[in-house]
Amino acid sequence: MLKIPYGRADFGAMRRDNCFYMDRTNYIEQLETYAPVYTMFLRPRRFGKSLFISILEHYYDFQKANDFQQLFGNLNIGQNPTPLHRTYTILNIFNFAICFLLRSALNDRLVQWFWHSTG
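All of the points below concern the structure found in this document.

About the cut-offs
- Residues numbered from 1 in each chain as written.
- Predicted model: local features only at pLDDT ≥ 70, side-chain atom pairs only at ≥ 80, totals over all residues.
- Heavy atoms only, no water.
- Helix = DSSP H or I, 4+ residues; strand = E, 2+ residues; numbered from the N terminus.
- Buried < 20%, exposed > 50% of the residue type's maximum accessible area, 1.4 Å probe, protein only.
- Contact = heavy atoms within 4.5 Å.
- Areas by Shrake-Rupley, 256 points an atom, 1.4 Å probe, with all protein chains shown as cover.
- Polar contact = N/O pair within 3.5 Å; in protein donor to acceptor, adjacent residues only side chain to side chain.
- 1 Å grid on protein atoms, 1.4 Å probe; cavity = no way out; pocket = protein on both sides within 12 Å on 5 of 7 lines; lining within 4 Å.
- Points joined across faces, edges and corners; volume = space filled by probe spheres on them.
- Nonpolar A, V, L, I, M, F, W, Y, C, P; charged D, E, K, R; others polar.
- Salt bridge = Lys/Arg side-chain N within 4 Å of Asp/Glu carboxyl O.
- Lys, Arg positive; Asp, Glu negative; His and termini not counted.

**Brief notes about the overall build of the chain**
Here is step 1 of the chain: Secondary structure summary: the chain contains 6 helices and 2 strands in total.
Here is step 2 of the chain: Seen in sequence order, the chain has helices and strands lined up from the N terminus as α-α-α-α-α-β-β-α.
Here is step 3 of the chain: Across the 119 residues that make up the chain, the buried fraction comes to 29%.
Here is step 4 of the chain: If you take every contact in the chain between residues at least 6 apart in sequence, the share linking residues at least 24 apart comes to 51%.
Here is step 5 of the chain: Of the roughly 8,700 Å² of accessible surface on the chain, a fraction of 57% belongs to carbon and sulfur atoms.

Following this line, the structure appears as structure tokens:
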């Protein structure tokens, strides 16, 4: 029997714990083709913003590549992955995810952010 994941926003834990999940991964491909510089999710409370960010984190993070089949295998995006899956370094700070394509870019951005926030 599937568990109801009320109040949970960790996609990986939900999938590993066999919780109910309605597949909305088709929005990942739409998000990639939309391609704005910045994307902001403005939704009321309890509308799944944190869960969607967690889905994106698990989908794009190359460090979670070993879990890809277990988490996404039977979902829409697992059957039809985009070329960008598992290609980013994801830094998740207080539920604010930052994506970097190259590890060197991560270092440059962190140094830039540090000097900007402390200077």
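Now, onward.
**Notes on the side chain of His 58**
Here is step 1 of the chain: Along the polypeptide, His 58 turns up in helix α3 (residues 49-60).
Here is step 2 of the chain: Side-chain polar atoms of His 58 contact the backbone oxygen of Ser 54, separated by 2.8 Å.
Here is step 3 of the chain: The residues contacting His 58, other than those within four sequence positions of it, are Asp 10, Phe 11, Gly 12, Lys 64, Leu 71 and Phe 72.

**A short note on the layout of surface pockets**
Here is step 1 of the chain: Approximately 820 Å³ is the volume attributed to the second largest pocket.
Here is step 2 of the chain: Around the second largest pocket sit 26 residues that line it, and Arg 24, Phe 47, Gly 48, Lys 49 and Leu 51 are the ones nearest its centre.
Here is step 3 of the chain: Listed by contribution, the elements that provide at least two residues to the lining of the second largest pocket are α2 (26-34) and α3.
Here is step 4 of the chain: Element by element, the count of residues in the lining of the second largest pocket is highest for α3, at 5 residues.
Here is step 5 of the chain: Taken together, the residues that form the lining of the second largest pocket break down as 17 nonpolar, 4 polar and 5 charged.

**Re the pattern of salt bridges**
Here is step 1 of the chain: Evaluation of the coordinates by the stated rule reveals 3 salt bridges.
Here is step 2 of the chain: Of the charged contacts, one joins Arg 8 and Asp 17 as a salt bridge, the two residues approaching to 2.7 Å between their closest N and O atoms.
Here is step 3 of the chain: On the basis of relative accessibility, which here comes to 32%, the residue Asp 17 falls in the partly exposed class.
Here is step 4 of the chain: Measuring nitrogen to oxygen at the nearest pair gives 3.5 Å for the salt bridge that ties Asp 67 to Arg 16. One end of the pair, Asp 67, is in the loop between α3 and α4 (68-72); the other, Arg 16, is in helix α1 (residues 11-16), with 51 residues separating them in the sequence.
Here is step 5 of the chain: The exposure class of Asp 67 is partly exposed, given its relative accessible area of 24%.

**With respect to the side chain of Asp 61**
Here is step 1 of the chain: Turning to its location among the elements, Asp 61 is positioned in the loop between α3 and α4.
Here is step 2 of the chain: Buried charge without a partner: Asp 61 forms no salt bridge, and the closest opposite charge is Lys 64, 4.1 Å away.
Here is step 3 of the chain: Separated by 3.0 Å, the side chain of Asp 61 and the backbone nitrogen of Gln 63 make a polar contact.
Here is step 4 of the chain: If we skip the residues at most four places from it in the chain, Asp 61 touches Arg 86, Tyr 88, Thr 89 and Ile 90.

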